[in-house]
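Chain by chain, the residues:
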Amino acid sequence: MPRSRNTEGAIYMSMAMAGFSASDALSKSVVAYMNAGEIMFLRGLFTSLLVYLIARKMGALRSWRVVLQPIILVRIICEMFSAVTYITALGMMPIANASAILQSLPLVVTFGAALFFREPVGWRRWSAILVGLVGVMIIIRPGPEGFTAAALLCVGAVLTTAGRDLATRSIDPEIPSLMITVITAISISFFGALLIPVLGGWQPVSATSLGHLLLASVLVLVGYQSVILAMRTGEISFVAPFRYTSLIFSSLLGFFFFAEVPDNWTLLGAAIVIASGLYTFYREAKRRVPPIAQESAPRSPV
């Protein structure tokens with residue numbers, strides 16, 4: 001029986017989340033041997049080369065002057081700090097916990113869209129955002145000394161990633177996405193090189209670590225391409241919630257490769273965050289349905 005376009009879109013989105021989760025696990029596997037700056041530099045070099053070759057073949061390269069556009073600079077800066085904070089956090093906390101906190105990203109983006117773009121957000125979605133933040137607090141569970149450094153770094157990664165996504169929406173649509181990706185990858189690599197002496201200097205790189213970072217770069221590209229295919233294949237309201245499969249992949253990778261088992265509080269907080277996000281997707285999808293369509297929809301006999 002042929003698959004529906006929504007099913008195909010869901011498969012693509014799940015593939016993307018698997019790729020991103022595996023890339024995070026590979027980066028985490030080398031954190032013990034090199035600092036975040038070195039990881040960003042090497043992974044950025046591989047990614048830059050791969051994306052540049054793809055963009056060149058597809059004719060997506062444009063004048064490098066586009067990097068001087070303020071909104072692109074904002075996006076690059078957000079991406080830089082998102083990378084360094086998240087990679088550092090991965091080395092300090094279980095990958096499943098970091099992934100669980102990252103699941104709050106759609107809620108933060110919704111909040112930012114309402115704040116900066118004046119997008120309408122009703123009381124139900126505001127409530128979902130607040131409940132989702134409660135879920136994040138359950139995952140973090142600050143002790144008597146306050147928030148841990150790892151938790152703060154992961155929250156910082158969420159905020160800067162949300163800033164990146166919001167900035168992306170304001171970029172001229174005439175600029176190809178691949179060109180933006182090339183510029184971002186090169187910038188991250190350069191920023192990582194600047195951070196190396198600050199974070200402890202260059203450490204010898206084994207062939208295994210180099211292979212892990214090369215594979216991580218490939219998986220990131222697979223993830224990005226799969227996201228694009230997912231969004232272009234299925235309905236966004238159906239496909240987007242499958243982003244949360246990343247928590248499943250991260251938990252499995254953490255268990256099998258790092259012997260990490262999420263505790264009950266982390267699972268509870270993640271469930272609250274995911275439920276809040278799913279409800280937000282539901283309300284957004286319902287808001288986009290024309291009133292006539294809502295009235296003509298089948299009603300429950302109850």
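Structure's up top.
Residues numbered from 1 in each chain as written. Predicted model: local features only at pLDDT ≥ 70, side-chain atom pairs only at ≥ 80, totals over all residues. Heavy atoms only, no water.

**Q** Tell me about the overall build of the protein chain, and please be specific about residues and values.
**A** Summing up its helical and strand segments, the protein chain has 13 helices and zero strands in all. Whereas a compact globule of 302 residues would reach a radius of gyration of roughly 19 Å, the protein chain reaches 20 Å, a difference of no more than 12%. Overall, the C-alpha framework of the protein chain stretches about 70 × 55 × 45 Å when taken along its three principal axes. For the protein chain, with 302 residues in total, the buried portion stands at 47%. Sequence separation of at least 24 residues holds for 88% of the intrachain contacts in the protein chain that already meet a minimum separation of 6. Per element, the accessible surface of the protein chain, about 16100 Å² overall, is 69% carbon and sulfur. The centroid of the 22 positive side-chain charges in the protein chain is displaced by 6 Å from the centroid of its 14 negative side-chain charges. (Helix = DSSP H or I, 4+ residues; strand = E, 2+ residues; numbered from the N terminus. Rg over C-alpha atoms; globule rule 2.2 N^0.38 Å. Buried < 20%, exposed > 50% of the residue type's maximum accessible area, 1.4 Å probe, protein only. Contact = heavy atoms within 4.5 Å. Areas by Shrake-Rupley, 256 points an atom, 1.4 Å probe, with all protein chains shown as cover. Lys, Arg positive; Asp, Glu negative; His and termini not counted. Charge placed at Lys NZ, Arg CZ, Asp CG, Glu CD.)

**Q** Any details on the packing of aromatic side chains? Residues and values, ideally.
**A** Counting across every chain of the model gives eight aromatic pairs. A centroid spacing of 5.6 Å and a plane angle of 80° characterise the contact between phenylalanine 111 and tryptophan 126, whose relative ring orientation is edge-to-face. Of this pair, phenylalanine 111 sits in helix α5 (residues 105–116) while tryptophan 126 sits in helix α6 (residues 123–140), and the two are 15 residues apart along the sequence. Looking at tryptophan 126, the relative accessible area reads 33%, which means it is partly exposed. Ring plane angle 40° and centroid distance 6.1 Å describe the contact between tyrosine 279 and tyrosine 282, whose orientation is recorded as tilted. One end of the pair is tyrosine 279 and the other is tyrosine 282, both in helix α12 (residues 264–288) and three residues apart, which spans about a single turn. Here tyrosine 282 falls in the partly exposed class, since its relative accessible area comes to 44%. Just above the ring of phenylalanine 258 sits the side chain of lysine 28; from NZ or CZ to the centre is 5.4 Å. Arginine 169 extends its terminal NZ or CZ atom over the ring of phenylalanine 117, reaching a point 5.2 Å from the ring centre. (Phe/Tyr/Trp six-rings, centres within 6.5 Å; stacked < 30°, edge-to-face > 60°. Lys NZ or Arg CZ within 6 Å of the ring centre and 35° of its normal.)

**Q** Describe in detail α5, supporting the description with residues and values.
**A** End to end, α5 covers 16 Å across twelve residues, agreeing with the expected 16 Å (1.5 Å per residue, within 8%). Considered for burial, the residues of α5 that qualify are Leu105, Leu107, Val108, Val109, Thr110, Gly112, Ala113 and Ala114. Backbone geometry just after α5 places arginine 118 at a positive phi near 55°. (Expected span 1.5 Å × (residues − 1).)

**Q** Before we move on, can you summarise the packing of helix α3 (residues 70–90) against helix α8 (residues 177–198) with the specific residues and values?
**A** Their axes nearest at 9 Å, the elements α3 and α8 cross at an angle of 50°. One finds that α3 runs oblique with respect to α8. In this structure, α3 meets α8 at a crossing whose hand is right-handed. Where α3 abuts α8, its residues Arg75, Ile76, Glu79, Met80, Phe81 and Val84 lie against Ile180, Ile183, Thr184, Ser187, Ile188, Phe191 and Leu195. (Axes fitted to C-alpha atoms, helices over the stretch in contact; angles between N-to-C directions. Parallel < 35°, antiparallel > 145°, perpendicular 65-115°, else oblique. Left-handed = near helix turned anticlockwise from the far one by under 90°.)

**Q** Residue-level account of the pattern of salt bridges, with values.
**A** On inspection of all chains with the given rule, the structure shows six salt bridges. The closest approach of N and O atoms between arginine 169 and glutamate 119, which form a salt bridge, is 2.3 Å. Highlighted residues: arginine 169 in helix α7 (residues 149–169) and glutamate 119 in the loop between α5 and α6, separated in sequence by 50 residues. Owing to a relative accessible area of 26%, glutamate 119 belongs among the partly exposed residues under this scheme. The closest approach of N and O atoms between aspartate 263 and arginine 141, which form a salt bridge, is 2.7 Å. (Salt bridge = Lys/Arg side-chain N within 4 Å of Asp/Glu carboxyl O.)

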